[in-house]
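# Coordinate analysis (summary)
In case you want the letters, here they are:
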Amino acid sequence: MGSAAASCKQSGRARTSAGTFGECADDDERRDRAFGAIGTVRDGGRAMILVTGATGFIGGAVCAGLSAAGRDFAGIGRSRMLRSAFGEATAGSFAWTRRNLAGLLSDLRPDAIIHLAGAAAPSAADRAEDHVAALEDVLGACREADCRPRLILGSSAAVYGTRTTPEFLGESAATRPQAPYGRAKLACEARLRHAMEAEGFPGTAMRIFNAIGPGQRSGLLVDILDQVDLREARGAPMRLTLRSLSSHRDFIDVRDVARCLVAAAASDDMPGIINICSGRGVSVREVVEHVGAVLGRPVHVHVPRPDSDADYSIGRPGAWLDGLASPIPLERSIADAIEERREGPG
């Protein structure tokens, strides 16, 4: 697997990087899922972290946090997006295969892998199964490269499913996934647990609730903002059409999620499962009201089929999260996402 050197700029810091870019075209179904790789060189023997899904919503926040902290890291993501996020592109190509991953791990010898690769919330069962296949590739590559980095799995609150009452879901709560995505994430957790118990892999499944904030490309906030003309003046009414106003979700800023993932990657003593959540249930109606308050505009919402029953997905933070200082409030998460959208790409 070839590599080349390039200058990589993030958060105002120039860093020397080595990596590859290219298309992943093993079959027709994956030709649109181009992957590339970019990695920073070690500096003074500091820990190296590999991030898969580096161009996703959460992965991008993780890489930004690592870069701002001056950490050595490598990222694997969709190649065109990596070029945009990291600046100058490197030469060569990288196809997501177990063999290529093993070669990358042999070169980097990462101390930890933050595994986030996969569609954010695929509805089709075959796309959901990609999550399981990707994790198996990572585990298999670790075996082939004879390395045992700490593996931080980006799991999801979807493994719990939703509840009909405002139950606070602790890490020991029953798992009742209701969609292919949640079932695939639960299967990933089972694969990781087996590797931990049978082969001594150090690992943790991070069950992420509803991440929100700048960089978001799907989800409730995006559904709302897609219907809003941000150029209109304060006081101008906003008219929205939404499926529900009574669903309650546990929102946590994506930058806080990234802080948790990075902290987990650097920790030697981690539980097998951790909820990444705020512990607060917020209704869709409240999110709409926050958007209206930030924009200074009244909101009128049309729900074609009015809700009959509310549903809830609210986490109970575990003791590990006690160390997360000054979490970002929801109002700021929404305001920052709106400001980013106003500024546009670039």
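These notes cover the structure that comes with them. (Residues numbered from 1 in each chain as written. Predicted model: local features only at pLDDT ≥ 70, side-chain atom pairs only at ≥ 80, totals over all residues. Heavy atoms only, no water.)

### Some points on the overall build of the protein
Check the secondary structure of the protein and you find 9 helices and 17 strands. Burial status across the protein gives 50% buried among its 346 residues. Expressed as a percentage of contacts within the protein between residues at least 6 apart in sequence, the contacts between residues at least 24 apart total 79%. Taken as a whole, the protein presents about 15,700 Å² of accessible surface, with 48% of it coming from carbon and sulfur. (Helix = DSSP H or I, 4+ residues; strand = E, 2+ residues; numbered from the N terminus. Buried < 20%, exposed > 50% of the residue type's maximum accessible area, 1.4 Å probe, protein only. Contact = heavy atoms within 4.5 Å. Areas by Shrake-Rupley, 256 points an atom, 1.4 Å probe, with all protein chains shown as cover.)

### Re the side chain of Asp-311
You can see Asp-311 is positioned in the loop between β16 (299–302) and β17 (312–315). Given a relative accessible area of 19%, Asp-311 falls into the buried group. Looking at Asp-311, its side chain comes within polar contact range of the side chain of Ser-247, at 2.5 Å. Apart from the residues lying within four places of it in its own chain, the contact partners of Asp-311 are Thr-162, Arg-163, Ser-246, Ser-247, His-248 and Arg-249. (Polar contact = N/O pair within 3.5 Å; in protein donor to acceptor, adjacent residues only side chain to side chain.)

### Examining the pattern of salt bridges
On inspection of all chains with the given rule, the structure shows 16 salt bridges. Glu-199 is paired through a salt bridge with Arg-148; the nearest N and O atoms lie 3.8 Å apart. Of this pair, Glu-199 sits in helix α5 (residues 180–199) while Arg-148 sits in the loop between α4 (125–145) and β7 (150–156); the two residues are 51 residues apart in sequence, bridging distant segments of the chain. The class of Arg-148 is partly exposed, set by a relative accessible area of 37%. For Arg-249, the salt bridge identified is with Asp-311, shortest N-O distance 2.9 Å. Here Asp-311 lies in the loop between β16 and β17 and Arg-249 lies in strand β12 (residues 248–249), a separation of 62 residues in the sequence. By sharing partners, the salt bridges in this structure join Asp-253, Arg-255, Arg-332 and Asp-336 into a single network. (Salt bridge = Lys/Arg side-chain N within 4 Å of Asp/Glu carboxyl O.)

### Describing the pairing of β7
In terms of residue burial, β7 counts as a mostly covered element, since 7 of its 7 residues are buried. Residues Arg-150, Ile-152, Gly-154 and Ser-156 point to one face of β7 and Leu-151, Leu-153 and Ser-155 to the other, with burial holding for every one of them. Two strands pair when backbone bridges link them, and strand β6 (residues 112–115) and β7 are joined in this way by 4 bridges, in the parallel orientation. Looking across to β7, one finds that Ile-113 is bridged to Leu-151. Pairing geometry for β7 and strand β9 (residues 203–208), over 6 bridges, is parallel. Opposite Ser-156, over in β9, you have Ile-208 as the bridge partner. (Pairing = 2+ DSSP bridges.)

### Thoughts on the packing of helix α8 (residues 284–295) against helix α9 (residues 330–343)
Where α8 meets α9, the closest approach of the two axes is 10 Å, and the angle between their N-to-C directions is 60 degrees. When the axis of α8 is compared with that of α9, the two are oblique. Considering the relative orientation of α8 and α9, their crossing is right-handed. Each of Val-287, His-290, Val-291, Val-294 and Leu-295 in α8 lies in contact with α9, whose residues at this interface are Leu-330, Glu-331, Ile-334, Ala-335, Ile-338 and Arg-342. Taken together, the residues of the contact of α8 with α9 sort by class into 8 nonpolar, 1 polar and 2 charged. (Axes fitted to C-alpha atoms, helices over the stretch in contact; angles between N-to-C directions. Parallel < 35°, antiparallel > 145°, perpendicular 65-115°, else oblique. Left-handed = near helix turned anticlockwise from the far one by under 90°. Nonpolar A, V, L, I, M, F, W, Y, C, P; charged D, E, K, R; others polar.)

### Quick word on the sheet that holds strand β15 (residues 282–283)
Spatial strand order, β8-β17-β12-β15: 4 strands in an open sheet with mixed pairing. For this open sheet the edge positions go to β8 (168–169) and β15, each flanked by a neighbour on one side alone. Relative to β17, β12 is paired through 2 bridges, and the arrangement is parallel. Looking across to β17, one finds that Arg-249 is bridged to Ser-313.

### Some remarks on α8
If you check α8, its first and last C-alpha atoms are 17 Å apart, about what 12 residues at 1.5 Å a residue would give, namely 16 Å. Residues of α8 that are buried: Val-284, Val-287, Val-288, His-290, Val-291, Gly-292 and Leu-295. Against α6 (220–225), β11 (238–241), β13 (251–253), β15, β16 and α9 lie the buried residues of α8. Among the residues trailing α8, Gly-296 stands out with phi positive, at a value near 65 degrees. (Expected span 1.5 Å × (residues − 1).)

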